[in-house]
Amino acid sequence: MRERWTWRGAFVVAAVGSAVGLGNIWRFPYVVYDSGGGAFLIPFVIALLTAGIPLMMLEFTLGQRFAGAAPRALERAKKGFEYVGWWAVLCGFGIVTYYTVILGWSLRYLVGAFTLEWGEEAGDYFFGRVLQLADPGQLAGFPLDTLLPYIIGWICIFFIIYSGVKGLGRVVMVTVPLPFILILILMIRGLTLEGAMDGMNFYLAPDFSAIFDASVWIAAYGQVFYTLSLAMGILIAYASYLPKNSDISNNAFMTSFADCLVAFLAGIAVFSTTGYMAYQLDVPVGEVVASGVGLAFVAYPEAISLMPVAPELIGVLFFITIFTLGLDSAFSLTEGIVCAIMDKFNMKRSQATVLISVLAFLVGLVFVTRGGLFWLDLVDFYIMSYGLTVVGLFTCILVGWVYGADRIRGYINEISEVYVGIWFDICIKFITPIILTVLLVLNIYENIISPYEGYPGWMQLVGGVIVMAAILIVGYFFMKARTREAEEPEEGEVS
Ligand code: PHE
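Residues numbered from 1 in each chain as written. Predicted model: local features only at pLDDT ≥ 70, side-chain atom pairs only at ≥ 80, totals over all residues. Heavy atoms only, no water.

Student: Requested: an account of the packing of aromatic side chains, with residues and values cited.
Tutor: What the rule picks out here adds up to 38 aromatic pairs. Ring centres of Trp86 and Phe478 lie 4.4 Å apart, and the angle between their planes is 15 degrees; this geometry places the pair in the stacked category. Linking Trp86 in helix α6 (residues 82-113) with Phe478 in helix α20 (residues 457-480), this pair joins segments that are 392 residues apart in sequence. A centroid spacing of 6.1 Å and a plane angle of 35 degrees characterise the contact between Tyr203 and Phe264, whose relative ring orientation is tilted. Taken together, the positions of Tyr203 in helix α11 (residues 196-204) and Phe264 in helix α14 (residues 249-281) put the pair 61 residues apart, joining distant regions of the chain. Here Tyr203 falls in the buried class, since its relative accessible area comes to 0%. (Phe/Tyr/Trp six-rings, centres within 6.5 Å; stacked < 30°, edge-to-face > 60°. Helix = DSSP H or I, 4+ residues; strand = E, 2+ residues; numbered from the N terminus. Buried < 20%, exposed > 50% of the residue type's maximum accessible area, 1.4 Å probe, protein only.)

Student: A description of the site of the ligand should follow, citing residues and the corresponding values.
Tutor: Around the ligand sit 14 residues in total, of which Ala19, Leu22, Gly23, Tyr226 and Ser229 are the nearest. Within the backbone of Ala19, an N or O atom sits 3.0 Å from a nitrogen atom of the ligand. A distance of 3.1 Å is found between a nitrogen atom of the ligand and a backbone nitrogen or oxygen belonging to Thr227. Of all the secondary structure elements, the ones that give two or more residues to the shell around the ligand are α1 (10-19), α2 (22-26), α12 (214-227) and α16 (311-345). If one sorts the elements of the shell around the ligand by residue count, α2 sits on top with three residues. Here the residues of the shell around the ligand sort into seven nonpolar, seven polar and no charged. (Near = heavy atom within 4 Å. Polar contact = N/O pair within 3.5 Å; in protein donor to acceptor, adjacent residues only side chain to side chain. Nonpolar A, V, L, I, M, F, W, Y, C, P; charged D, E, K, R; others polar.)

Student: Before we move on, could you go through helix α17 (residues 349-368) and cite the residues and values that matter?
Tutor: Between its first and last C-alpha, α17 extends 27 Å over 20 residues, near the 28 Å set by a 1.5 Å rise per residue. Maximal helix bending in α17 amounts to about 25 degrees, located at Leu362. Of the residues making up α17, those classed as buried are Arg349, Ala352, Thr353, Ile356, Ser357, Ala360, Gly364, Leu365, Phe367 and Val368. Residues of α17 that are buried in the fold lie against α6, α8 (144-162), α9 (164-175), α16 and α18 (372-415). (Expected span 1.5 Å × (residues − 1). Bend = angle between axes of the 7 residues up to and from the residue. Contact = heavy atoms within 4.5 Å.)

Student: Quick one: what's the story with α16, residue by residue and with numbers?
Tutor: Given a rise of 1.5 Å per residue, 35 residues ought to cover 51 Å, and the 51 Å separating the end C-alpha atoms of α16 matches this to within 8%. Directly after α16, the chain includes Asn346, whose backbone phi takes a positive value near 50 degrees.

Student: Could you give an account of the packing of α6 against α17, with specific residues and numbers?
Tutor: Look at α6 against α17: their axes get within 8 Å of each other, and the N-to-C directions meet at 60 degrees. One finds that α6 runs oblique with respect to α17. Remark: the crossing between α6 and α17 carries right-handed chirality. Residue-level contacts link Phe93, Val96, Thr97, Tyr98 and Val101 of α6 to Ile356, Leu359, Ala360, Val363, Gly364, Phe367 and Val368 of α17. (Axes fitted to C-alpha atoms, helices over the stretch in contact; angles between N-to-C directions. Parallel < 35°, antiparallel > 145°, perpendicular 65-115°, else oblique. Left-handed = near helix turned anticlockwise from the far one by under 90°.)

Okay, here's the thing in structure tokens:
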């Protein structure tokens, strides 16, 4: 028997946990500020409705209807589609190898937060003391400061996945609401600081001309795909543990709504604090805004150091937030892979978990080395700009056109509360694939005209080719490997 979620709502909570991740706190706020402030919410909501939610419903349906992780679900929809499923799984594998490294950094900072160890020069602390950064292209050994927490991160993920869907259902009861509550606290703290309103102005002051800027729309669609954890095989795997008659459309709306809410609130927390920092340092807000690693490990810690009351407490809360935000995204990625391996080789969960955790742990060691940050950036860049778009594109085309968007919609409407109209077919067959193609072409173009700064050219080339070739080749071998079917008979194509 296939494992099942043990309580009503466990699936949605787990899906929210996967969607709500580091992207919500260090990507969304910055993209908003950078792409028209409050006015960005218009393209964002449109992207959500025309691409994010339809693709999410599609993934939920595939998982639930065909009771399998991405490769099996796609294969059961139509013979040969399995290959794309393996791409998704391998992209997920690539991401989890470095996502866990970042998780490790947040643990390291959590310890440092008790004494505000980073002081006022968090940049030196991060790159010099914690990462002990070497030149690009080098490996140059492991700093204990990053190795130890990395190991702890993997131990957490291992035990959570090992405990099965039942265990997952329990863990997400904590790892999903906790960062939400903490973000609320950080938000209130931020808003009650001087200068907070300048920060908020920076974040949300609408620039409506942005709506006529194509790059803003691209940013909106890109952010939607990323933040909803689409095209990585995760949601398919999670949905495969649902009973056949579970609601789809309502669940998809709830998951995306919760994700957006957290992102929006995280933006308030981040920008109010940034406004305070600018006020304290007497510089314009624009000079202290940051995104990505620079926000979480440099800018925000520096702002914490400047805080008037109990900065240590805020530091601890902030890094617990980062850790719990990242943890459920990281184990959702791992579950997507483990689930696919269990399906294909009829392996026990325990075996598949050991296999995947050890393998991903070993590969991820590259990112733990002193030169690791450069490799991390590179792999992140390639998987996010090529992997995600290609997988999403093929899924939409194969399922939308070959299998039939109308059949997916028919299934959704049979079992869901919210009726889904013909717009779903239009989104899956036209809008989403067109947008993904545009994203893909633009990424390639940008990559050619402005190569990644600061990297030796060879590294960029080697990194890109290795990542993409590995996905295609390994995916092929997985597809060709003999499927070991167990108790569940092949459903084949059911019309
Ligand atoms: N959705 C996650 C976030 O917003 C990112 C992510 C993407 C996680 C893909 C897993 C897989 O941080």
